Each structure stands twice: as C-alpha cells, then as structure tokens.
Amino acid sequence: FTARVGERLRHRRRGVRPCDMERMVLDAFPEVWMAKCLPHLRCDDPAPAPGHVTLVVTRKPDAGHELSTPAPSLFDVATLERIRAWLADFISEEITLDVVNPTFERLQVRAKLSVTADRENGAMAQMLRRDLAGYLSVWTADEALARFGWSLNVHMLRAHIAGLSYVRDVTDFSVLHLVGDDTRSYQLLDTAQAVHDPRGGTYGPVLTPRFPWSLPLSAADHVLTILPEIDDEAPSAAGIGNLTVGDMLIVGQRTIP
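Predicted model only: the values in this text are computed from it and were never measured.

Student: Lay out the overall build of the chain with the relevant residues and their values.
Tutor: Tallying secondary structure elements over the chain gives six helices and eleven strands in all. Taking all 257 residues of the chain together, 41% fall into the buried category. Looking at the chain as shown, the accessible area adds up to about 14100 Å², and 52% of this sits on carbon and sulfur atoms.

Take a look at the structure:
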C-alpha cells in the first residue's frame, strides 16, 4: 500500500516517462504482475520506431501453476486491448501505443549426476526437475531471473544443483536456451558449444535474453541422467543451430534430421 501511494504521487496519472506508464498500469490492473515500457520500439521490427511505445504486461499465474507444469501465463487479446485503451487516455496523442504479452525463452538443463539418497533414481530425477522448474521460471526465480533484462550465470546454476541436499556430484553439464519469434523461427543456443564452433561462435557462461520483452521459463522437462558413480566429463553440444519448425519443437538428447 505504501509503495502504491508513493507511485501515485509520483506519476499523478500522467504517462510522460516509461516508469509512469508502468506504475499506472500496475496500479489500475491488479491482475498485472509486472510491466515493462519499451519506448521507440516495436515487437515486429528491430529498427528504432520514434513515437512508438510498446508496453509488455505479465500476468499473475495461478497458485502452483509454474511449479507443476512450467507454461506461459498470458493475457487474452481483449484484456490487452482494454489496458491499451485505458492507458491511451493518459498519454500524448502523438504516441502510438501497443500492449503485448511477453515472450518466454525456455531453459533446459542437460547433466549427469549422482545422488546421496538411497532412493529410486526416477524419484530423484523428478525432485530435481521440480526444483529446476522453480529456479528457472520467472515467477519463482531469484532477483537476477525474475525480471525483464534477466541473466543466468551457468556456473552458479551448476553450483546450486550440486549444493542440493540430495545431489552428490554433477558432470556433463550444459544449458540449452531456446528462443522463438512470431515468424516461427527458432534458435537453440547451447552453453556446451566449443569456443570456436563455426555454427555459432562463442557462448559465454552468462545467458541473457534475445529480446528486451522476453522472460525466462523452465523447459517442461530436462535431460537428466542419474548414475551410481560419475567421472568428470566435458559437455557436448546438442548439435542444433538456427531452426525453422512447424507446430512443435521437441528438444531431447538426440536430434535426428
């Protein structure tokens, strides 16, 4: 309540700055969990667009939604238009305004690990998948991931997994970063790529979003192999570069042309 009152005194229902528009929408629409104003930018064209404003609004997910099955939580077209029409009354008539859903970029962990508990390996893998879903999805992630302009340090993610109470060791570790756009053009980036890989060049230990309107989301499944004992192994690349797919893209341990 204190934060909302302070924001109301700051913007006074005048959409002048990007932060004014964000605070106004958050104040007027409780169902909006996070908003990001992108001035001079359109989602369908990377070129600068003077006089154009794109407001990205993120919907609050249902309780437990992101942990059970990580999936995008999106507003319908009617709600986006309702937000746009309301905000248009408080900004300059010279501004062209779009209100859109965010894009979600999937993150998938590939690793071999050994566990300390004397339990069935499938149960351990399922527990780790649940923990990864919470760690990598924007609604339950830590501060570095739970925002627009997020970043993921792959070394810290590996240390987080190795530090879980039921994990003893981790090897052959890499992260796949799946990015798509409205044209159904997909790019799959792999942290296991060699430094001078001709398919994509370097890909450092810190993952960042491809688009400023993107948020991170855990893959529905992760490629996890649990073994009694493991040796230290360097990860191997998944072997997928730029992709154009049809209705569905399945990312697994092996890719067949």
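Next comes the rest of the description.
Student: Explain helix 4 (residues 77-88) to me, and be specific about the residues and the numbers.
Tutor: Relative to the 16 Å expected for twelve residues at 1.5 Å per residue, helix 4 spans 16 Å between its end C-alpha atoms, a close match to the ideal helical length. Along its buried surface, helix 4 packs onto helix 2 (18-28), strand 1 (32-39), strand 2 (52-59) and strand 3 (96-100). For helix 4, the N-terminal capping position is held by Asp 76, with its side-chain oxygen 3.2 Å away from the main-chain nitrogen of Ala 78.

Student: Explain the environment of Pro 209 to me, and be specific about the residues and the numbers.
Tutor: For Pro 209, the position within the fold is in the loop between strand 8 (206-207) and strand 9 (214-218). In sequence terms Pro 209 and Gly 149 are 60 residues apart; their C-alpha atoms lie 6.5 Å from each other. Beyond its immediate stretch of four places on either side in the chain, Pro 209 contacts Glu 105, Gly 149, Trp 150 and Ser 214.

Student: Give a description of the pairing of strand 4 (residues 103-115) that names residues and reports values.
Tutor: In terms of residue burial, strand 4 counts as a mostly covered element, since ten of its 13 residues are buried. Pairing analysis gives five bridges linking strand 4 to strand 9, with the strands arranged parallel. By the bridge assignment, Glu 105 is partnered in strand 9 with Pro 216. Alignment of strand 4 against strand 10 (residues 223-226), held across four bridges, turns out to be parallel. Bridge pairing in strand 10 links Lys 112 to Thr 225.

Student: Before we move on, can you summarise the confidence of the model for the chain with the specific residues and values?
Tutor: Averaged over every residue, the pLDDT of the chain is 77; residues scoring 70 or more account for 71%. Across the chain, element-level confidence peaks in helix 4 with a mean pLDDT of 94 and bottoms out in strand 11 (residues 242-244) with 39. Low pLDDT, under 50, characterises residues 240-257; the predicted model gives this stretch 27 contacts beyond four residues in sequence or across chains.

Student: Tell me about the sheet that holds strand 3, and name the residues and values.
Tutor: Judged by pairing direction, the sheet is mixed, and its three strands sit side by side in the order 1-2-3 without closing on themselves. Each end of this open sheet is capped by a strand with a single partner; those strands are strand 1 and strand 3. Shown here is a sheet whose adjacent strand axes are inclined to one another by a mean of 20°, direction ignored. Judged from the five bridges that link them, strand 2 and strand 3 form a sheet pairing that is parallel. Pairing of His 52 across the sheet is with Thr 96, part of strand 3.

Student: Help me get a handle on the side chain of Ser 218, residues and values and all.
Tutor: Topologically, Ser 218 is positioned in strand 9. Residue Ser 218 is classed as buried on the basis of its relative accessible area, which comes to 0%. Only 3.0 Å separates the side chain of Ser 218 from the side chain of His 222, close enough to count as a polar contact. If we ignore the near neighbours within four places in the chain, the residues touching Ser 218 are Pro 70, Arg 106, Leu 107, Leu 132, Ala 133, Leu 136 and Ser 137.

Student: Can you tell me about the pattern of salt bridges, naming the residues and giving the values?
Tutor: Tallied over the entire structure, the rule returns five salt bridges. Arg 82 is the partner of Glu 31 in a salt bridge, and the nearest nitrogen-oxygen pair spans 3.3 Å. Placement of the pair is Glu 31 in the loop between helix 2 and strand 1 and Arg 82 in helix 4, with a sequence separation of 51 residues. By relative accessible area, Glu 31 is classed as partly exposed at 28%. Residues Arg 84 and Glu 81 are paired through a salt bridge, measuring 2.9 Å at the closest nitrogen-oxygen approach. With Arg 84 and Glu 81 both in helix 4, this residue pair falls three residues apart, about one helical turn. A relative accessible area of 26% means that Arg 84 is categorised as partly exposed.

Cut-off values and rules
Residues numbered from 1 in each chain as written. Predicted model: local features only at pLDDT ≥ 70, side-chain atom pairs only at ≥ 80, totals over all residues. Heavy atoms only, no water. Helix = DSSP H or I, 4+ residues; strand = E, 2+ residues; numbered from the N terminus. Buried < 20%, exposed > 50% of the residue type's maximum accessible area, 1.4 Å probe, protein only. Areas by Shrake-Rupley, 256 points an atom, 1.4 Å probe, with all protein chains shown as cover. Expected span 1.5 Å × (residues − 1). Contact = heavy atoms within 4.5 Å. Polar contact = N/O pair within 3.5 Å; in protein donor to acceptor, adjacent residues only side chain to side chain. Pairing = 2+ DSSP bridges. pLDDT = per-residue confidence, 0-100. Axes fitted to C-alpha atoms, helices over the stretch in contact; angles between N-to-C directions. Salt bridge = Lys/Arg side-chain N within 4 Å of Asp/Glu carboxyl O.

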